[in-house]
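# Summary of structural features
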Amino acid sequence: MFVMTLIRSRSDTTLNPTRDFSQALEEFFGQGACFLLAKGRVALYAGLQAMNLGRGAKVVLPGYTCMVVPAAVQYAGLRPVYIDIDPWTYNLDPDLLEGFPDSGAAAVIVQHTYGIPAEMAAIRPLARSRGMALIEDCCHLFGTRIEGQRAGTFGAFAFMSGQWNKPFSTGLGGMLLVNDPSLAERVNALVAQEAFRPGAFKNLLLRVQMIAFDWLVNPSSSGIVRELYRALGRLGLVVGSSSVGELRGEKPGGYFSTMAVSQVRRGLRELARIEENLSHRARLIAFYHHELPRIGFAPLPAANLDLPLLRYPVRVANKQEVLQRGRTSNVEIGSWFESPLHPGSTVMEDFGYRAGMCPQAELASAQVINLPTHLKVDESLAEKILDFVGRCARPAECLVASR
Ligand SMILES: *Cc1c(COP(=O)(O)O)cnc(C)c1O
């Protein structure tokens with residue numbers, strides 16, 4: 001509470017928002033050094049670069065993620081290798097990590113998919129005993145505690161995303177929390193020497209984009225308006241999340257950039273209402289959880305139900321149809337992940353993924369839709385979303401090899 005009051009009083013008048021935002025995050029986590037960068041993927045890239053793992057070293061990650069994650073690994077001169085997910089938690093399966101044949105991996109990226117906490121109690125000792133550096137992908141959760149300890153504080157570093165549809169938005173943007181002090185020093189030097197700083201024009205562009213996004217993209221805006229926003233993106237008038245070249249593994253110009261001041265200010269405002277945000281998400285998760293069985297769908301295993309998950313995953317037999325009808329009926333249904341390396345259009349071979357490598361992730365990609373929990377969705381809208389699922393979706397037969 002103290003931290004929140006501090007942030008609130010600082011955010012509008014401050015002379016150094018960048019320092020204030022990174023300090024507020026450090027206070028929130030109670031440890032570490034925080035760096036503010038252009039995107040979550042850039043935070044991962046910076047952390048990996050500073051680790052000096054050695055060219056071509058392997059980095060293990062779940063084959064159920066955004067393609068920008070293995071892309072950042074490759075830009076840092078490293079090699080992504082994939083492990084399948086547990087079909088119930090959508091997170092890297094610790095048993096598979098244990099049986100992983102390739103002992104030569106230098107690091108493992110643990111992703112808390114949809115905000116469901118990964119099994120850190122099993123994964124951390126495994127990583128340690130094999131000499132793998134532990135990295136947390138915290139793009140889907142913020143502040144969640146795992147057996148009393150905040151996600152993000154378990155490994156050498158964690159990265160977070162400030163994209164529109166992440167726990168809280170900085171209007172794109174990314175945060176890097178470095179827990180290892182000597183690594184933090186190296187990141188600090190790297191950012192000072194190599195990162196681009198967005199100029200006044202880029203800052204203005206991002207600011208205009210935030211305003212456009214707030215006006216155009218919300219549950220009541222029509223599909224046409226949202227299409228307009230997408231069209232602006234294609235024209236290069238808004239800064240999109242990934243370019244066409246990026247989907248093929250090409251590093252875009254200006255990739256390694258810091259966060260713009262307009263984004264930092266938004267981050268401060270969002271952090272000031274983080275408790276409201278998270279309790280809202282937790283309420284909607286509980287709602288979906290209790291109502292899904294009523295319409296014939298399997299809820300998540302019960303362990304995570306008072307958590308502020310980012311999205312509620314639901315397995316359906318007719319995913320493409322549901323997404324299509326969601327678009328035409330203007331109902332917000334998420335498609336994460338469309339493929340083991342989201343989105344569906346990723347050229348996965350360019351990132352070392354071959355079909356069949358992660359069967360559970362491939363099945364989940366074909367079946368899972370997800371339901372929103374953000375602040376623009378209230379309970380009556382959540383009810384409409386559930387009604388829509390009940391009418392349009394068929395429950396999936398289920399899993400490849402259930403336990
Ligand atoms: C969104 C996302 C990222 C990347 O975040 P950006 O800010 O878009 O770079 C990384 N990992 C996961 C799991 C994500 O969902």
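So, a few notes on the structure that sits alongside this text. (Residues numbered from 1 in each chain as written. Predicted model: local features only at pLDDT ≥ 70, side-chain atom pairs only at ≥ 80, totals over all residues. Heavy atoms only, no water.)

### Some words on the overall build of the protein chain
Summing up its helical and strand segments, the protein chain has 15 helices and 13 strands in all. The long-range fraction of contacts in the protein chain, counting pairs at least 24 apart against all pairs at least 6 apart in sequence, stands at 73%. Here the protein chain has roughly 16900 Å² of accessible surface; of this, 54% comes from carbon and sulfur atoms. (Helix = DSSP H or I, 4+ residues; strand = E, 2+ residues; numbered from the N terminus. Contact = heavy atoms within 4.5 Å. Areas by Shrake-Rupley, 256 points an atom, 1.4 Å probe, with all protein chains shown as cover.)

### Observations concerning the sheet that holds strand E10 (residues 174-178)
Hydrogen bonds between backbone groups are what pair the strands of a sheet, and the pairing can be parallel or antiparallel. An order of E1-E10-E9-E6-E5-E2-E4 is seen for the seven strands of this open sheet, with the pairing classed as mixed. Two strands in the sheet have a free side with no partner beyond their single neighbour: strand E1 (33-37) and strand E4 (79-83). Strand after strand, the sheet turns through a mean of 25° between neighbouring axes, direction not considered. With five bridges joining them, strand E9 (residues 157-161) and E10 adopt antiparallel strand pairing. Within E10, the residue paired with phenylalanine 157 across the bridge is valine 178. Across the sheet, helix H3 (residues 40-51) lies against E1, strand E5 (105-111), strand E6 (133-137), E9 and E10, angled at about 160° from E9, the strand it touches most. Against the sheet, helix H4 (residues 68-75) contacts strand E2 (58-62), E4, E5, E6 and E9, and its axis sits at roughly 145° relative to E4. (Pairing = 2+ DSSP bridges. Axes fitted to C-alpha atoms, helices over the stretch in contact; angles between N-to-C directions.)

### Some words on the nonpolar core
Counting residues in hydrophobic clusters, the biggest one holds 88 residues, and the most contacted among them are Leu44, Phe157, Tyr288, Ile333 and Leu371. If one sorts the elements of this core by residue count, H3 sits on top with eight residues. Sequence-distant contacts of leucine 371, defined by excluding residues within four places in its chain, comprise Tyr288, Leu310, Arg311, Tyr312, Val314, Ile333, Ile385, Leu386 and Val389. Counting 40 residues, the second largest nonpolar core, distinct from the first, contains Val60, Ala118, Val264 and Leu278. (Core = buried A, V, L, I, M, F, W, Y, C linked by side-chain atoms within 4.5 Å. Buried < 20%, exposed > 50% of the residue type's maximum accessible area, 1.4 Å probe, protein only.)

### Quick notes on the pairing of E4
Across the five residues that make up E4, a large majority, four, are buried. Looking at chain direction, E2 and E4 are connected through five bridges and run parallel. Residue pairing across strands places leucine 61 opposite tyrosine 82, the latter belonging to E4.

### Let's talk about the site of the ligand
Around the ligand, the surrounding shell holds 14 residues, and the nearest of these are Gly40, Arg41, His140, Ser161 and Lys166. Between glycine 40 and the ligand, the recorded distance is 2.7 Å, taken from a backbone N or O atom to an oxygen atom. Contact between the ligand and aspartate 137: a nitrogen atom at 2.8 Å from a side-chain N or O atom of the residue. In isolation the ligand offers 380 Å² of accessible surface; the protein chains occlude 98% of this area. Of all the secondary-structure elements, those providing two or more residues to the shell around the ligand are H3 and H4. A per-class count over the shell around the ligand returns four nonpolar, six polar and four charged. (Near = heavy atom within 4 Å. Polar contact = N/O pair within 3.5 Å; in protein donor to acceptor, adjacent residues only side chain to side chain. Nonpolar A, V, L, I, M, F, W, Y, C, P; charged D, E, K, R; others polar.)

### Re the environment of arginine 186
Relative to the elements of secondary structure, arginine 186 occurs in helix H7 (residues 181-194). Given the relative accessible area of 36%, arginine 186 is considered partly exposed. Note: C-alpha distance between arginine 186 and glutamine 49 (137 residues apart in sequence) is 9.2 Å. Look past the residues within four positions of arginine 186 in its chain and what remains in contact with it is Ala50, Met51 and Asn52.

### Regarding unusual backbone geometry
Cis geometry is found at the peptide bond from tryptophan 336 to phenylalanine 337, where omega equals -15°. With respect to the secondary-structure elements, phenylalanine 337 resides in the loop between helix H13 (319-329) and strand E12 (341-342). The phi torsion at tyrosine 90 lies on the positive side, around 65°, for a residue other than glycine. The residue tyrosine 90 is located in the loop between E4 and helix H5 (94-98) in this model. Here tyrosine 114, not a glycine, exhibits a phi torsion of approximately 60°, which is positive.

### Quick look at the side chain of histidine 140
The topology assignment puts histidine 140 in the loop between E6 and strand E7 (145-146). The exposure class of histidine 140 is buried, given its relative accessible area of 6%. A polar side-chain atom of histidine 140 sits 2.7 Å from the main-chain amide nitrogen of tyrosine 114. When near neighbours in sequence (up to four residues on either side) are disregarded, histidine 140 contacts His112, Thr113, Tyr114, Gly115, Lys166, Pro167, Leu310, Trp336 and Phe337.

### Let's talk about the pairing of E9
Taking burial as the measure, the five residues of E9 include five buried ones, the bulk of the element. Note that E6 and E9 share three bridges and pair parallel. Opposite aspartate 137, over in E9, you have phenylalanine 159 as the bridge partner.

### Regarding helix H11 (residues 261-272)
An α-helical turn contains 3.6 residues, so a residue and the one three or four places further along point in the same direction. Taking 1.5 Å per residue as the helical rise, H11 with its twelve residues ought to reach 16 Å, and the 17 Å between its terminal C-alpha atoms agrees with that figure. Burial runs high along H11: nine of the twelve residues are buried. Within H11 the residues assigned to the buried category are Ser262, Gln263, Val264, Arg266, Gly267, Leu268, Glu270, Leu271 and Ala272. (Expected span 1.5 Å × (residues − 1).)

### Remarks on helix H15 (residues 379-392)
Taking 1.5 Å per residue, 14 residues should reach 20 Å; H15 reaches 20 Å between its end C-alpha atoms and fits that length. Residues of H15 that are buried include every one of Ala382, Ile385, Leu386, Phe388, Val389 and Cys392, and no others. Burial along H15 is one-sided: seen end-on, the buried residues are contained in an arc of 155°. Pointing more than 90 degrees away from the buried face of H15 are the exposed residues Lys384 and Arg391. Buried residues along H15 sit against helix H12 (274-291), H13 and strand E13 (368-372). (Arc of directions from axis to C-beta.)

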